[in-house]
Amino acid sequence: MPIDSSLPYDAANIFARILRGELPCKTVLETEHSLAFHDINPLAPIHVLVIPRGAYVSWDDFSAKASDPEIADFVRAVGEVARMTRASAQGYRLLANTGKRGGQEVAHLHVHVFGGAPLGPMLAK
Ligand code: DGP
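Since this is a predicted model, take the numbers as computed values, not measurements.

Cut-offs used in this document
- Residues numbered from 1 in each chain as written.
- Predicted model: local features only at pLDDT ≥ 70, side-chain atom pairs only at ≥ 80, totals over all residues.
- Heavy atoms only, no water.
- Near = heavy atom within 4 Å.
- Polar contact = N/O pair within 3.5 Å; in protein donor to acceptor, adjacent residues only side chain to side chain.
- Areas by Shrake-Rupley, 256 points an atom, 1.4 Å probe, with all protein chains shown as cover.
- Helix = DSSP H or I, 4+ residues; strand = E, 2+ residues; numbered from the N terminus.
- Pairing = 2+ DSSP bridges.
- Axes fitted to C-alpha atoms, helices over the stretch in contact; angles between N-to-C directions.
- Contact = heavy atoms within 4.5 Å.
- Core = buried A, V, L, I, M, F, W, Y, C linked by side-chain atoms within 4.5 Å.
- Buried < 20%, exposed > 50% of the residue type's maximum accessible area, 1.4 Å probe, protein only.

1. Description of the site of the ligand
Move 1: Neighbouring residues of the ligand: 15 residues in total, closest Asp 39, Asn 97, Glu 105, His 110 and His 112.
Move 2: His 38 is positioned such that a nitrogen or oxygen atom in its backbone is 2.9 Å from a nitrogen atom of the ligand.
Move 3: Within the backbone of Gly 103, one N or O atom sits 3.3 Å away from an oxygen atom of the ligand.
Move 4: Against a free-state accessible area of 510 Å², the protein chains account for coverage of 84% of the ligand.
Move 5: Mapped by element, the contributors of at least two residues to the shell around the ligand are helix H1 (14-19) and strand S2 (34-38).
Move 6: When residues of the shell around the ligand are assigned to their parent elements, the largest contribution, three residues, is made by H1.

Dropping the structure here:
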């Protein structure tokens, strides 16, 4: 069920639990303000999630409230993941589902990094 990204941050969400070490993940990259790990249900040969360590519901929330160092770290982490996984070698896709209509299911900002195969059209009509 997609979430409403205008809701207050819920510290019980799955990614908050991963950040606290309460749930495991397959880590790809750790930085001061960000964490990247493999998606539990990969939709492409490379499917990594990049999340900020801070408590931000969505891209909307993060872009409005995060500090410049957090934003810089996060953007660099996404790029670093694309290079580390070799997704960048042949092209890749970034996706940040945001809010109900955007299909966001976990209420902690995450950017999907997809790669490793031709990814097809952006959206199905
Ligand atoms: P979205 O629909 O954009 O909110 O994507 C949520 C993604 O999170 C989805 O691709 C599956 C992934 N996911 C959900 N639970 C877990 C988990 O416990 N561990 C990991 N690694 N990924 C998860």
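Now that the structure has been shown, the text picks up again.
2. Comments concerning the sheet that holds strand S5 (residues 111-115)
Backbone hydrogen bonds hold the strands of a sheet together, and the pairing may be parallel or antiparallel.
Move 1: Across the sheet, which stays open at both edges, the five strands sit in the order S1-S2-S3-S5-S4 with antiparallel pairing between neighbours. Looking at strand neighbours, the two that pair on one side only are strand S1 (27-30) and strand S4 (92-95), the edges of this open sheet. Each strand axis lies, on average, 20 degrees off the axis of its neighbour in the sheet, ignoring direction.
Move 2: Alignment of S1 against S2, held across three bridges, turns out to be antiparallel. Of the residues in S2, the one forming a bridge with Glu 30 is Leu 35.
Move 3: Against the sheet, helix H3 (residues 68-84) engages S1, S2, strand S3 (46-52), S4 and S5, with an angle of about 165 degrees to S3.

3. Brief notes about the nonpolar core
Move 1: Judged by nonpolar contacts, the single largest core of 17 residues is most densely connected at Ala 36, Val 48, Val 50, Phe 74 and Val 81.
Move 2: Listing elements by their share of this core, those giving two or more residues are S1, S3, H3 and S5.
Move 3: Counting residues per element, this core draws most heavily on H3, at four residues.
Move 4: Discounting chain neighbours no more than four positions away, the residues touching Val 50 are Leu 35, Ala 36, Phe 74, Ala 77, Val 78, Val 81, Leu 109, His 110, Val 111 and Val 113.
Move 5: By size, the runner-up hydrophobic cluster in this structure holds seven residues, among which are Ile 18, Leu 49, Ile 51 and Val 106.

Geometry only, nothing functional implied.
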